[in-house]
Amino acid sequence: MSIMPQDFEINEPPSSSTVSGEQQGNSRPRKRKRRSTSHLKIVPESLDLRELIKSAAEQYVSQLPRERPFSKDELEAMSRDFLARNEWPEKYLGFAMVLLGNFFWKRQFLAIPFERRMLLLPHCLKHAEGCPADYDEFGLDCETCGACSIADYKVKAEQLGYKVLVAEGSPIVLKIIVEGYVDGILGVACLNVLEKAIDKVLLAGVPSYAVPLHSGDCKNTSLDEPWVWDVLDKYEPLPEPCTASYVPLMREAKRLFDEPSFEEIVPIVREGKASLLTKTEEISRFWLANGGKRFRPFITLAAWDAGTGGDLTFAEATEPLGSRIPLAVKKAAVAIEAFHKASLIHDDIQDEDEFRYGEKTLHLSHGIGPAINFGDFLIGLGYRLLAQCRCENDPTAIEDIVQKMSHAHIKLCEGQGAEMSWTAAPSMELTPVDALQIYALKTSPAFEAALYSGLRLAGPIEQYDEMITTFCRHVGVGFQILNDLKDWQGDGLNKVIIGQDAIALRPTVLLALAIKAANAEQREELAAILQDKHDHAERRLQRLRMIFEQTDVLQVAESLVAKSRDRAEAIADEVESESLRRFLYFLVDTVLAPEEEPTPREQAGLVDLIVN
Ligand code: SF4
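None of these values were measured; they are calculated from a predicted model. (Residues numbered from 1 in each chain as written. Predicted model: local features only at pLDDT ≥ 70, side-chain atom pairs only at ≥ 80, totals over all residues. Heavy atoms only, no water.)

Of regular secondary structure, the protein chain possesses 25 helices and eight strands. Taking all 612 residues of the protein chain together, 55% fall into the buried category. Taking the contacts inside the protein chain whose residues are at least 6 apart along the sequence as the reference set, 77% of them involve residues at least 24 apart. As displayed, the protein chain has an accessible area near 26700 Å², and 52% of this comes from carbon and sulfur atoms. (Helix = DSSP H or I, 4+ residues; strand = E, 2+ residues; numbered from the N terminus. Buried < 20%, exposed > 50% of the residue type's maximum accessible area, 1.4 Å probe, protein only. Contact = heavy atoms within 4.5 Å. Areas by Shrake-Rupley, 256 points an atom, 1.4 Å probe, with all protein chains shown as cover.)

If you want it as structure tokens, here you go:
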């Protein structure tokens with residue numbers, strides 16, 4: 001499918017990021033509405049009312065189906081219904097969402113052994129004045145002096161076997177879960193933090209139980225302590241999981257790159273030969289096996305599972321799934337990662353990037369020539385892995401996948417080529433459609449290849465061909481725009497310089513939007529910036545920032561992400577297969593989730609330490 005300019009129509013920024021859509025007649029709507037709940041996070045003032053709402057929430061949830069976790073939008077819709085039925089005001093919406101989430105997950109949370117749980121406590125419970133504890137890389141290192149309630153919870157929870165973190169931020173928590181250290185979260189936090197957590201933790205299907213703080217002002221806050229003890233020391237096993245979760249598949253995607261699985265999928269070929277000949281394979285394999293979120297391999301595994309009925313989303317969180325996934329699917333998933341890693345090596349050279357996964361880029365540590373060669377090796381390795389896939393019942397499947405992969409490669413090179421051409425001679429001849437077309441070429445094909453491969457290995461999928469391409473185009477473009485926005489904030493992981501893309505004068509959509517919206521004076525300044533190749537980086541950044549702010553391009557970019565999300569969701573709405581539709585929603589929510597502002601503590605390295 002070709003990329004049409006009308007797909008990238010740029011509108012004026014909407015008054016809010018609300019995505020409209022008609023709900024359909026199902027009990028669980030396919031089309032979801034997004035709405036900020038930031039002004040609706042009041043905790044009821046009296047304990048009596050809090051207890052009343054809590055027991056009504058338990059009753060309400062007891063009638064809900066539990067096959068799959070609900071999205072944040074569905075939870076909001078249910079919570080509104082719950083409040084309306086009980087004639088409680090809308091201002092308790094955030095509180096009600098937490099309670100409904102709690103009782104949805106409570107039985108499954110209680111079935112998790114203590115040593116597989118995490119207790120997450122907020123900094124603001126500490127005795128601020130006299131607290132002797134320091135922060136370390138895992139958050140506040142409480143010395144259990146007894147001056148605040150953190151010590152009580154921490155001591156008891158650690159005795160039981162919990163991991164305890166005095167930190168905040170759901171990104172950390174989800175990473176810890178995917179790494180396989182814990183299976184469920186007991187969290188104490190204010191409604192602001194809990195609202196952010198809901199998206200990531202609930203969507204992934206992580207059993208969680210939250211106790212809201214009475215206020216979100218981070219001072220003199222309190223909580224209903226008996227609510228913590230409702231679950232902290234209770235353990236009630238269940239015969240089997242009853243709610244779908246992507247955590248087992250996320251973990252399996254990570255496990256593909258751990259031994260012994262990695263050796264089975266990517267056996268060493270030159271072992272025992274002279275070191276001169278083994279070096280390229282050794283370094284390339286190491287690069288493939290280390291670093292990265294494994295998101296593309298996860299897409300392939302989860303797409304295959306969705307195409308075969310979605311059974312693996314009901315696996316035990318701790319269950320290794322290797323024996324339940326065909327080797328061909330695992331090889332295709334690793335091939336996708338090999339192509340991705342190869343493109344990163346080449347991309348880092350072309351963009352002169354210095355860091356990747358918090359380490360020096362390969363061309364800086366080994367030289368440009370060897371780095372190009374490692375990337376080429378990984379491309380060859382990826383195609384070798386595909387050639388090794390065996391689908392006895394469907395001999396054309398691998399042919400189809402190789403074709404899709406090669407298309408993805410060619411599109412990526414075309415997008416990268418267009419970007420480099422413009423960067424070599426930056427000009428005012430850059431429209432937002434140009435920038436978005438580059439994004440569609442550079443980013444979307446990798447998602448498409450990953451999704452297509454998993455689904456195609458599950459069976460013939462002619463009916464989904466067009467859907468996959470269009471869906472991935474919207475997801476990929478939205479993802480890249482989000483990256484642009486993150487470039488202005490720094491993502492705390494790979495980038496050490498904020499505004500790298502802008503400093504390097506890459507053809508980003510932000511720059512293109514600014515060119516489009518600029519008045520005569522701003523156009524003159526932009527043209528001068530583009531011509532002045534020797535301007536100091538910090539000064540160029542300041543000049544661009546001023547114009548971006550004057551032209552409101554960040555807001556327009558956010559509206560474009562919302563539009564990409566809207567369109568991708570509309571495509572998912574039409575998919576008949578429930579397991580596939582559910583997975584597509586999950587992809588939209590995960591890939592296009594607005595990033596949380598990193599806390600100062602996360603910026604100081606907590607995330608780095610856990611993720612990398
Ligand atoms: S119990 Fe821990 S967190 Fe609370 S004041 Fe003492 S050292 Fe600080």
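Turning our attention to the pairing of strand S6 (residues 208–212). A large share of S6 lies buried, amounting to five of its five residues. Here S6 shows two buried faces, one formed by Ser208, Ala210 and Pro212 and the other by Tyr209 and Val211. In terms of strand pairing, strand S5 (residues 184–189) meets S6 through five bridges, oriented parallel. Note that in S6 the partner of Ala189 across the bridge is Pro212. (Pairing = 2+ DSSP bridges.)

Should the charged atoms of two oppositely charged side chains come close, the side chains can pair. A full pass over the atoms with the stated rule returns 27 salt bridges. The partner of Asp258 in a salt bridge is Lys254, with the nearest N and O atoms 3.3 Å apart. Overlapping salt bridges bring together Glu525, Asp532, Asp535, Arg539 and Arg543 as one network. (Salt bridge = Lys/Arg side-chain N within 4 Å of Asp/Glu carboxyl O.)

With that settled, consider helix H22 (residues 537–550). The end-to-end C-alpha distance of H22, which contains 14 residues, comes to 20 Å, matching closely the 20 Å that a straight helix rising 1.5 Å per residue would cover. Where H22 is buried, its residues meet helix H19 (500–503), helix H20 (509–517), helix H21 (520–531) and helix H23 (553–573). With its phi angle positive at about 60°, Asp552 sits one or two positions after the end of H22. (Expected span 1.5 Å × (residues − 1).)

So, about unusual backbone geometry. Looking along the chain, the bond that leaves Glu259 and enters Pro260 is cis, with omega of 5°. Examined against the element boundaries, Pro260 turns out to sit in the loop between helix H8 (247–255) and helix H9 (261–265). Even without being glycine, Glu87 reaches a positive phi, approximately 60°. Structurally, Glu87 can be placed in the loop between helix H2 (72–85) and helix H3 (93–110).

In this section: the environment of Leu40. Among the structural elements, Leu40 can be located in the segment before helix H1 (47–61). Separated by 49 residues in the primary sequence, Leu40 and Pro89 place their C-alpha atoms 9.6 Å from one another. Setting aside residues up to four positions removed in sequence, Leu40 forms contacts with Arg80, Glu90, Lys91, Tyr92, Leu93 and Gly94.

To continue, consider the sheet that holds S6. What links the strands of a sheet is backbone hydrogen bonding, and the strands pair in either a parallel or an antiparallel sense. The strand order S4-S1-S5-S6 describes an open sheet built from four strands, whose pairing is parallel. One side of each edge strand has no neighbouring strand; the edge strands of this open sheet are strand S4 (163–166) and S6. Direction aside, the axes of adjacent strands within the sheet are offset by 15° on average. Relative to S5, strand S1 (residues 117–121) runs parallel, the two being bridged by four bridges. When the sheet's bridge partners are listed, Met118 is paired in S5 with Ile185. (Axes fitted to C-alpha atoms, helices over the stretch in contact; angles between N-to-C directions.)

A word on the nonpolar core. Among the nonpolar cores identified, the biggest contains 125 residues, and Phe298, Leu451, Phe471 and Phe583 are the most heavily contacted of them. In terms of residues, this core owes the most to one element, helix H12 (residues 327–351), which gives 13 residues. Counting 57 residues, the second-largest nonpolar core is a separate cluster that includes Leu100, Leu121, Tyr162 and Val211. (Core = buried A, V, L, I, M, F, W, Y, C linked by side-chain atoms within 4.5 Å.)

With that out of the way, let us pick up the packing of aromatic side chains. Here the structure, examined in full by the defined rule, presents 18 aromatic pairs. When the ring of Phe82 is compared with that of Trp88, the centres are 5.7 Å apart and the planes differ by 55°; the resulting orientation is tilted. The exposure classification of Phe82 matches that of Trp88, with both residues buried. Each ring, one from Phe339 and one from Tyr383, has its centre 4.7 Å from the other, and the planes form 50°; the classification is tilted. Of this pair, Phe339 sits in helix H12 while Tyr383 sits in helix H14 (residues 368–388), placing them 44 residues apart in sequence. We classify Tyr383 as partly exposed; its relative accessible area is 25%. Lying over the aromatic face of Phe257, Arg294 brings its terminal NZ or CZ to 3.8 Å of the ring centre. For Lys404, the ring lying beneath its charged end belongs to Tyr452, and the centroid distance is 4.7 Å. (Phe/Tyr/Trp six-rings, centres within 6.5 Å; stacked < 30°, edge-to-face > 60°. Lys NZ or Arg CZ within 6 Å of the ring centre and 35° of its normal.)

The buried fraction of S5 is high, at six of six residues. Going residue by residue along S5, you find Gly184, Leu186 and Val188 tucked away on one face and Ile185, Gly187 and Ala189 tucked away on the opposite face as well.

This next bit is on the confidence of the model for the protein chain. With 85% of its residues at a pLDDT of at least 70, the protein chain reaches an overall mean of 84. Between residues 1–7, whose pLDDT stays under 50, and residues either more than four places distant or in other chains, the model counts 15 contacts. (pLDDT = per-residue confidence, 0-100.)

Next up on the list: H14. In a regular helix each residue adds 1.5 Å, so 21 residues correspond to 30 Å; H14 covers 30 Å between its end C-alpha atoms and thus fits that length. Within the sequence span of H14, burial applies to Ala371, Phe374, Gly375, Leu378, Leu381, Gly382, Leu385 and Leu386. Projected down its long axis, H14 carries its buried residues within an arc of 135°, all on one side. Buried-residue contacts for H14 involve H9, helix H10 (275–289), H12, helix H13 (362–366) and helix H15 (396–424). (Arc of directions from axis to C-beta.)

The next subject is the packing of helix H16 (residues 432–442) against H20. Contact pair H16 / H20: the axes reach a minimum separation of 8 Å and the direction vectors enclose 170°. Taken together, the axis directions place H16 and H20 in an arrangement best described as roughly antiparallel. In terms of crossing hand, the pair formed by H16 and H20 is left-handed. Contacts from Pro432, Ala435, Leu436 and Tyr439 in H16 reach Val509, Ala512, Leu513 and Lys516 in H20. (Parallel < 35°, antiparallel > 145°, perpendicular 65-115°, else oblique. Left-handed = near helix turned anticlockwise from the far one by under 90°.)

What follows covers the environment of Ala424. Assignment of secondary structure puts Ala424 in helix H15. The class of Ala424 is exposed, set by a relative accessible area of 56%.

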